[in-house]
Each structure stands twice: as C-alpha cells, then as structure tokens.
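# A look at the structure
Each chain, letter by letter, is given below.
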Amino acid sequence: MSRRRATEPTTTPAAVVERFDAERVRATRTSVRIAQAMTEAIKDCGKSRDEIAEAMSQVLGERVTVEVLYQYSSPANERNNIPAHRLMALVAVTGDVRILNAALQDTGFIALDQRFEPLIRREIAKERMEQLRQEMETADAEWRATK
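Thresholds applied
Residues numbered from 1 in each chain as written. Predicted model: local features only at pLDDT ≥ 70, side-chain atom pairs only at ≥ 80, totals over all residues. Heavy atoms only, no water. Helix = DSSP H or I, 4+ residues; strand = E, 2+ residues; numbered from the N terminus. Rg over C-alpha atoms; globule rule 2.2 N^0.38 Å. Lys, Arg positive; Asp, Glu negative; His and termini not counted. Charge placed at Lys NZ, Arg CZ, Asp CG, Glu CD. Salt bridge = Lys/Arg side-chain N within 4 Å of Asp/Glu carboxyl O. Buried < 20%, exposed > 50% of the residue type's maximum accessible area, 1.4 Å probe, protein only. Core = buried A, V, L, I, M, F, W, Y, C linked by side-chain atoms within 4.5 Å.

### Considerations on the overall build of the protein chain
Within the protein chain, the secondary structure is distributed over 6 helices and 0 strands. Counting helices and strands in the order they occur from the N terminus, the protein chain gives α-α-α-α-α-α. For a compact globule of 147 residues, the expected C-alpha radius of gyration is about 15 Å, and the protein chain comes in at 23 Å, more than 25% above that figure. Charge-centre separation for the protein chain: the mean point of 23 positive side chains lies 3 Å from the mean point of 23 negative side chains.

This is the structure we're talking about:
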C-alpha cells in the first residue's frame, strides 16, 4: 500500500450541484428560503442592486426597480414573493443557480449546469442496457430450461 507524500497536492472535486452553505440559507418555509437565497446571491455576484435591477429589466423587457428587489429578498415581506419569470431573470443576471436549488430543496429535484445533461443521458442508457442484459440472461435461462 502506498502512502501519499505530504508534498503531493490534494484537490477537492468541484460540486456538481451548486448550493449555498446551510448556515447562509436556512428556513423551513420555501418563500423565506428563496428570499434568503436571493440576498446571498446578490451579495456574492459583485454587482450593485442598481445594476442587477437594470440588467433584469433588460432581460425581461419590463421595469424592475431596486425597491422591488429589496421587497423580494426580504424574508419579512410575505406579500411580495418574486414571480417565477423574475426569479429566472435574477438567476440569469447573477449567474447563480444556487437560488434555484434553494427553491427546489424540498422537491426532490435539482438544477444543474446543462453541460452535465449528456453525462446523465449516458448513465440512464447504461442502466437501460443493464436491464436489457438481465432480461436476456433470464430469457436464455428459461430457454435452456425447456430443452
């Protein structure tokens, strides 16, 4: 058995599913979790709220104000949840898919970078191939048993 030398670099694999750290976004209610995720994404993206609101307005073709962004990202403001089309625009402008994964947390679904789609299709195909192989073996065994 070989031992790793202390001078060898160690690498941590990149996360496949991008999520916020649990302590940054934690809420039992989805609406509050989305508001927290929005706040964190806005902080992390490196753009001002003015720039984000302007870029969202350009993406949507409708006016989005800084004040509305504050309302959407306030966990205390339960009456002004962000509509889905504006949430998609925020994700597009910030480039932060973690917002979607925070929203999807309790659904059993995740949002992934589309570059992973071919890999997922390949794995599904491998599972189907294995199922077919097992069916063929069962059929062969049954056929041999009839001789």
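### Thoughts on the pattern of salt bridges
Considering all chains together, one arrives at 13 salt bridges under this definition. With a closest N to O distance of 2.6 Å, Arg 24 and Glu 40 form a salt bridge. With Arg 24 in the segment before helix H1 (30-44) and Glu 40 in helix H1, this pair connects stretches of sequence that are 16 residues apart. Note on Glu 40: relative accessible area 12%, which makes it buried. With a closest N to O distance of 2.2 Å, Arg 133 and Glu 137 form a salt bridge. Residue Arg 133 and its partner Glu 137 are located together in helix H6 (residues 117-145), separated by 4 residues, close to a single helical turn. What makes Arg 133 partly exposed here is its relative accessible area of 36%. Via salt bridges that share partners, Arg 24, Glu 40, Lys 43, Asp 44, Asp 96 and Arg 98 belong to a single interconnected network.

### Side note on the nonpolar core
One finds Met 38, Ile 52, Met 56, Leu 90 and Ile 99 to be the most contacted residues of the largest nonpolar core, which totals 27 residues. Breaking this core down by element, the ones donating at least two residues are H1, helix H2 (49-60), helix H3 (66-72), helix H4 (84-94) and helix H5 (98-103).

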